[in-house]
Amino acid sequence: MNRFRLYGMALVALISLSVKADEGMWLLQLMKQQHSIDMMKKQGLLLEAEDLYNPNGVSLKDAVGIFGGGCTGEIISPEGLILTNHHCGYASIQQHSSVEHDYLTDGFWAMSREEELPTPGLKFTFIERIEDITDIVNAKIAAKEITEAESFTGTFLTRLAKELHAKSDLKNKKGIVPKALPFYAGNKFYLFYQKVYEDVRMVAAPPSSVGKFGGETDNWMWPRHTCDFSMFRIYADANGDPASYSAFNVPLKTKKHLTISIRGLEEGDYAMIMGFPGSTSRYLTVAEVKERMESVNEPRIRIRGVRQDVLKELMNASDKIRIQYANKYAGSSNYWKNSIGMNKAIVDNDVLGTKAEQEAKFAAFAEEKGNADYASVVGEIEEAVAKTAPLNYRMTCLTETFFSGIEFGRVRLTKLRAALEEKNDSLAQAILKDFEQVYEQIHNKDYDHEVDRKVAKALFPLYAEMVPAEQRPYIYNVIADKYKGDYDKFVDDMYDKSIFANRENLDKFMKKPTVKAIDRDLAAQYADATWEAYEALTDSLKSLQGELNLLHKTYIRGLGEMKLPQPSYPDANFTLRLTYGNVKSYNPRDGIHYKYYTTTKGVLEKEDPNNREFIVPAKLKELIEKKDFGRYAMPNGEMPTCFLSTNDITGGNSGSPVLNGRGELIGAAFDGNWESLSGDINFDDGLQRCINVDIRYILFILEKLGNCKHLIDEMTIVE
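Read on for a plain summary of the structure. As the structure is a prediction and not an experimental result, all values here were calculated from the model.

**Details of the overall build of the protein**
Turning to step 1, where the next piece is worked out: When helices and strands are tallied, the protein shows 27 helices and 21 strands.
Turning to step 2, where the next piece is worked out: Seen through its C-alpha atoms, the protein measures out along the principal axes to roughly 75 × 70 × 60 Å.
Turning to step 3, where the next piece is worked out: Counting over 719 residues, the protein shows a buried share of 58%.
Turning to step 4, where the next piece is worked out: In the form shown here, the protein has an accessible surface area of approximately 29,900 Å², with 50% of it arising from carbon and sulfur atoms.

**Regarding the side chain of glutamate 288**
Turning to step 1, where the next piece is worked out: With respect to the element layout, glutamate 288 can be found in helix α11 (residues 286-317).
Turning to step 2, where the next piece is worked out: Of the side chains with opposite charge, lysine 355 comes closest to the buried, unpaired glutamate 288, at an N-O distance of 7.9 Å.
Turning to step 3, where the next piece is worked out: Reaching out from glutamate 288, the side chain makes a polar contact with the side chain of histidine 552 at a distance of 2.5 Å.
Turning to step 4, where the next piece is worked out: Contacts of glutamate 288, omitting those with residues within four sequence positions, involve Tyr283, Ile381, Val385, Leu548 and His552.

**Observations regarding the packing of aromatic side chains**
Turning to step 1, where the next piece is worked out: Across all of its chains, the model carries 35 aromatic pairs by this definition.
Turning to step 2, where the next piece is worked out: Ring geometry for phenylalanine 460 and tyrosine 476: centres 5.8 Å apart, planes at 45 degrees, overall tilted. Of this pair, phenylalanine 460 sits in helix α18 (residues 449-466) while tyrosine 476 is found in helix α19 (residues 475-482), placing the two residues 16 residues apart along the sequence.
Turning to step 3, where the next piece is worked out: Within the aromatic cluster, the residues linked to one another by ring pairs are Phe402, Phe460, Tyr463, Tyr476, Tyr483, Tyr487, Phe490 and Tyr526.
Turning to step 4, where the next piece is worked out: Looking at arginine 201, its charged tip hangs above the ring of tyrosine 235, at a distance of 3.6 Å from the centre.
Turning to step 5, where the next piece is worked out: One cation-aromatic arrangement involves lysine 595 over tyrosine 597; the distance from NZ or CZ to the ring centre is 4.5 Å.

**Comments concerning the pattern of salt bridges**
Turning to step 1, where the next piece is worked out: Applying the stated criterion across every chain yields a total of 54 salt bridges.
Turning to step 2, where the next piece is worked out: Ionic pairing is found between glutamate 131 and arginine 129, a salt bridge with its closest N-O pair at 3.3 Å.
Turning to step 3, where the next piece is worked out: On the basis of relative accessible area, glutamate 131 is assigned to the partly exposed category, the value being 26%.
Turning to step 4, where the next piece is worked out: One salt bridge connects aspartate 218 with lysine 606, and the closest N-O pair in it is separated by 2.8 Å. Here aspartate 218, found in helix α10 (residues 215-218), pairs with lysine 606, found in helix α24 (residues 600-606); they are 388 residues apart in sequence, far enough to count as distant.
Turning to step 5, where the next piece is worked out: Through salt bridges with shared partners, one network takes in Glu79, Arg113, Glu116, Arg233, Lys253 and Glu714.

**Digging into a positive patch on the surface**
Turning to step 1, where the next piece is worked out: Side chains of Lys508, Lys512, Lys516 and Arg520 sit close together on the surface and give a patch of like positive charge.
Turning to step 2, where the next piece is worked out: Position of lysine 508 relative to the elements: it lies in helix α21 (residues 503-511).
Turning to step 3, where the next piece is worked out: The exposure class of lysine 508 is exposed, given its relative accessible area of 65%.

**What to know about the nonpolar core**
Turning to step 1, where the next piece is worked out: By size, the foremost hydrophobic cluster in this structure holds 106 residues, and its most contacted members are Met40, Leu52, Met231, Met272, Ile701, Leu702 and Met715.
Turning to step 2, where the next piece is worked out: No other element matches the eight residues that helix α26 (residues 695-705) contributes to this core.
Turning to step 3, where the next piece is worked out: Excluding residues that lie within four positions of it along the chain, leucine 702 makes contacts with Trp109, Ala204, Phe229, Met231, Asn707, Cys708, Leu711, Ile712 and Met715.
Turning to step 4, where the next piece is worked out: Grouped together as the second largest cluster of nonpolar side chains are 64 residues, Leu413, Phe460, Ala524 and Leu544 included.

**Some points on the packing of α18 against α19**
Turning to step 1, where the next piece is worked out: Two numbers describe how α18 lies on α19: the axes approach to 12 Å, and their chain directions differ by 105 degrees. Taken as axis vectors, α18 and α19 run roughly perpendicular relative to one another. Contact with α18, carried on its side by Phe460, Tyr463 and Ala464, involves Ile475, Tyr476 and Ile479 of α19 and no other residues of that element.
Turning to step 2, where the next piece is worked out: Classifying every residue of the contact of α18 with α19 gives six nonpolar, no polar and no charged.

**What about α26?**
Turning to step 1, where the next piece is worked out: Counting buried positions along α26 yields ten of eleven residues, so the element is predominantly enclosed.
Turning to step 2, where the next piece is worked out: Of the positions making up α26, those classed as buried are Ile695, Arg696, Tyr697, Ile698, Leu699, Phe700, Ile701, Leu702, Glu703 and Leu705.
Turning to step 3, where the next piece is worked out: Just past α26, the residue asparagine 707 takes up positive phi, approximately 55 degrees.

**Topic: the pairing of strand β15 (residues 577-582)**
Turning to step 1, where the next piece is worked out: Counting buried positions along β15 gives six out of six residues, so the element sits mostly inside the fold.
Turning to step 2, where the next piece is worked out: Alignment of strand β1 (residues 26-27) against β15, held across two bridges, turns out to be antiparallel. Looking across to β15, one finds that tryptophan 26 is bridged to leucine 578.
Turning to step 3, where the next piece is worked out: Both strand β14 (residues 270-275) and β15 contribute to a ladder of six bridges, which runs antiparallel. Counted as the bridge partner of isoleucine 273 is threonine 579 from β15.

**A few points about the state of the cysteines**
Turning to step 1, where the next piece is worked out: All told, the structure shown has one disulfide when counted by the stated rule.
Turning to step 2, where the next piece is worked out: For cysteine 71, the disulfide goes to cysteine 88, at an S-S distance of 2.2 Å. What sets the handedness of the cysteine 71 and cysteine 88 disulfide is the S-S torsion sign, and at about -80 degrees it is left-handed. Of this pair, cysteine 71 sits in strand β3 (residues 71-75) while cysteine 88 is found in helix α5 (residues 86-96), placing the two residues 17 residues apart along the sequence.
Turning to step 3, where the next piece is worked out: Note on cysteine 71: relative accessible area 11%, which makes it buried.
Turning to step 4, where the next piece is worked out: A relative accessible area of 11% places cysteine 88 in the buried class.
Turning to step 5, where the next piece is worked out: Distance from the sulfur of cysteine 708, which forms no disulfide, to the nearest cysteine sulfur (cysteine 227) is 12 Å.

**Some remarks on the environment of alanine 668**
Turning to step 1, where the next piece is worked out: Relative to the helices and strands, alanine 668 is located in strand β19 (residues 665-672).
Turning to step 2, where the next piece is worked out: Among the residues examined, alanine 668 registers a relative accessible area of 0% and is labelled buried.
Turning to step 3, where the next piece is worked out: Alanine 668 sits 30 residues away from isoleucine 698 along the chain, and the two C-alpha atoms are 9.1 Å apart.

**Comments concerning a negative patch on the surface**
Turning to step 1, where the next piece is worked out: On the surface, a cluster of negative charge is contributed by Asp373, Glu380, Glu382, Glu383 and Glu547.
Turning to step 2, where the next piece is worked out: Per element, the largest residue contribution to the negative patch is four residues, and it comes from helix α14 (residues 372-405).
Turning to step 3, where the next piece is worked out: Note on placement: glutamate 382 falls in helix α14.

**Focus: helix α20 (residues 487-497)**
Turning to step 1, where the next piece is worked out: Looking only at α20, the buried set comprises Tyr487, Phe490, Val491, Asp493, Met494 and Tyr495.
Turning to step 2, where the next piece is worked out: Of the surrounding secondary structure, the elements contacted by the buried residues of α20 are α18, α19 and α23 (522-562).
Turning to step 3, where the next piece is worked out: The N-cap residue of α20 is aspartate 486: its side-chain oxygen and the backbone nitrogen of aspartate 488 are 3.2 Å apart.

**What about the environment of cysteine 642?**
Turning to step 1, where the next piece is worked out: Within the element layout of this structure, cysteine 642 appears in strand β17 (residues 640-645).
Turning to step 2, where the next piece is worked out: You can call cysteine 642 buried: its relative accessible area is 0%.
Turning to step 3, where the next piece is worked out: Linking cysteine 642 and aspartate 694, residues 52 residues apart in sequence, is a C-alpha distance of 5.0 Å.
Turning to step 4, where the next piece is worked out: Cysteine 642 has contacts with Trp222, Arg224, His225, Thr226, Tyr596, Tyr597, Thr598, Phe670, Asn692, Val693 and Asp694, leaving out every residue within four places of it along the chain.

Basis of the calculations
Residues numbered from 1 in each chain as written. Predicted model: local features only at pLDDT ≥ 70, side-chain atom pairs only at ≥ 80, totals over all residues. Heavy atoms only, no water. Helix = DSSP H or I, 4+ residues; strand = E, 2+ residues; numbered from the N terminus. Buried < 20%, exposed > 50% of the residue type's maximum accessible area, 1.4 Å probe, protein only. Areas by Shrake-Rupley, 256 points an atom, 1.4 Å probe, with all protein chains shown as cover. Lys, Arg positive; Asp, Glu negative; His and termini not counted. Salt bridge = Lys/Arg side-chain N within 4 Å of Asp/Glu carboxyl O. Polar contact = N/O pair within 3.5 Å; in protein donor to acceptor, adjacent residues only side chain to side chain. Contact = heavy atoms within 4.5 Å. Phe/Tyr/Trp six-rings, centres within 6.5 Å; stacked < 30°, edge-to-face > 60°. Lys NZ or Arg CZ within 6 Å of the ring centre and 35° of its normal. Patch = residues over 30% accessible without salt bridge, like charges linked within 9 Å, V, L, I, M, F, W, Y side chains within 5 Å. Charge placed at Lys NZ, Arg CZ, Asp CG, Glu CD. Core = buried A, V, L, I, M, F, W, Y, C linked by side-chain atoms within 4.5 Å. Axes fitted to C-alpha atoms, helices over the stretch in contact; angles between N-to-C directions. Parallel < 35°, antiparallel > 145°, perpendicular 65-115°, else oblique. Nonpolar A, V, L, I, M, F, W, Y, C, P; charged D, E, K, R; others polar. Pairing = 2+ DSSP bridges. Disulfide = S-S within 2.5 Å.

Below, the structure is given as structure tokens:
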């Protein structure tokens with residue numbers, strides 16, 4: 001039988017894995033094929049499949065897109081108004097903030113279109129079209145144009161996407177970016193035509209005391225009282241096409257926007273989320289879960305924890321530094337705490353035991369079928385992981401310390417050195433011409449040289465504790481030989497004397513650039529050493545990862561055959577998905593019950609004027625105490641803040657719309673619960689909860705605290 005016909009038969013099985021009731025990040029283009037629409041209707045959906053995703057017309061998917069580079073946003077007015085999370089807009093809010101205009105602390109409310117702030121670098125991406133290109137990829141493998149291993153690579157998929165785009169009817173449309181990706185571990189491939197808008201402006205953001213209420217303490221926790229939202233607007237040219245910023249651009253007339261429901265919700269109500277979940281690893285083996293815990297999470301926890309301690313102390317002492325490092329600290333802290341929670345939940349929820357049971361069942365299935373590939377694949381994965389685990393540990397330590405932790409000293413001067421040594425003056429001058437820009441990129445408005453110096457003094461010795469001497473970048477030999485192991489003295493010399501350390505050093509070098517100056521520059525040595533270590537690890541992991549990709553392709557295909565007949569979904573890869581479930585409370589531990597919603601009573605109960613994370617603005621406190629909630633209150637007069645649902649989400653879903661059975665917006669997803677942080681690896685139907693901010697709380701804050709009735713009037717609201 002033809003090999004690819006076998007693959008096709010296996011795919012029928014693959015999309016039929018058994019799942020728990022609310023588990024699943026479903027591909028919209030497969031809803032009919034997988035019968036997921038029928039299951040959704042049983043739980044309360046009142047729409048048809050075409051209302052959610054219609055390749056030949058307008059549907060709900062046309063009101064949802066990628067906000068920035070890692071979140072979801074939804075369109076909530078006919079004029080391009082975007083709703084997303086506060087933490088998704090945080091980088092933009094911080095970008096516009098200064099000591100004089102501290103929007104992080106005070107919030108930002110544009111009272112007119114003229115006050116909406118252009119935000120360079122911020123984009124919003126719609127999905128224009130989705131195409132199944134599996135047969136095209138398989139044909140290229142069969143024709144030996146590429147190997148099966150190459151079919152996973154970004155190089156091949158990027159080239160293929162460009163080729164197909166060039167032949168499509170979208171080739172001359174503005175803003176179209178094609179992206180091809182593997183699904184089901186390379187058993188399926190899809191091409192996404194994305195439409196990218198580049199003029200996105202900041203419209204509204206509550207103070208951080210509202211949008212980040214509870215801060216690091218409440219992150220990943222329930223009960224929650226955070227109004228985690230911000231608003232932006234898409235601008236386009238006169239024809240509605242994507243365009244770079246221009247004062248002549250106009251708000252985008254969107255083809256679809258979400259209707260907002262303030263009718264309220266009850267336990268058991270249907271809830272679905274459409275968005276772009278970033279990454280899950282639901283099909284890992286026992287060995288791979290252990291690798292995640294020990295080679296990725298544990299070193300990340302340790303290194304980020306030390307860096308954050310340094311940053312927190314300095315941020316608390318200076319408003320300038322607090323604003324500069326607010327987004328960096330938040331980004332670091334989020335997955336630091338996630339890694340802690342994931343490792344704990346893996347143990348508490350016996351994920352390793354669950355995975356072991358699955359492997360035992362799979363072994364029995366492989367024996368029953370007499371399939372040698374299936375019988376050996378788990379063992380082969382384990383052998384490969386034994387090789388990748390120590391390399392991934394070293395890679396995590398290296399990147400967390402020198403590429404994510406320490407900011408200074410990343411510039412390599414090898415090309416300039418070669419040009420000077422070869423006396424190629426024209427090339428040397430061309431390189432030097434960019435040095436002014438390089439300096440400005442290093443010493444940007446969100447960088448403080450003294451803060452980074454203190455981070456470096458903490459992380460250099462920490463890395464040495466975590467990685468054996470023979471596996472460290474060669475800069476550690478310099479520290480040992482020249483500085484007798486004195487990390488502080490080495491760091492001070494690098495931060496004081498290197499070419500890009502300050503303007504005086506740069507000017508001096510520019511007047512007389514020499515090979516000798518480069519060779520003795522500590523930052524240049526440090527950059528070369530860390531980049532060489534990174535490249536060596538990348539090369540070592542590349543072939544092993546290729547081997548693992550093919551093994552996973554076999555394993556997941558086999559799981560599909562074993563677990564007929566119910567439908568399943570591929571791991572998340574930051575593509576458009578839909579998850580459905582219900583509003584639901586939960587019991588995390590014996591004797592503890594968490595109801596499905598919170599109210600502003602909890603805001604006042606948590607208030608602590610001496611703790612930045614739990615400050616309540618005076619105006620908000622007054623509104624709550626007076627119960628001045630307007631039409632957004634519940635029937636009992638209380639103001640809802642957040643609610644729980646059983647939706648299956650992960651990072652990237654932040655900002656996603658939570659929709660009721662009619663497809664109306666009832667909230668915005670923003671977090672998961674602590675007890676289920678192993679969910680990216682194993683979904684637990686009893687514990688997994690999505691934490692959402694109630695749309696009524698968002699509108700209340702927008703209207704009553706922000707005085708933005710003009711934005712409310714743009715929206716389509718049903719009561």
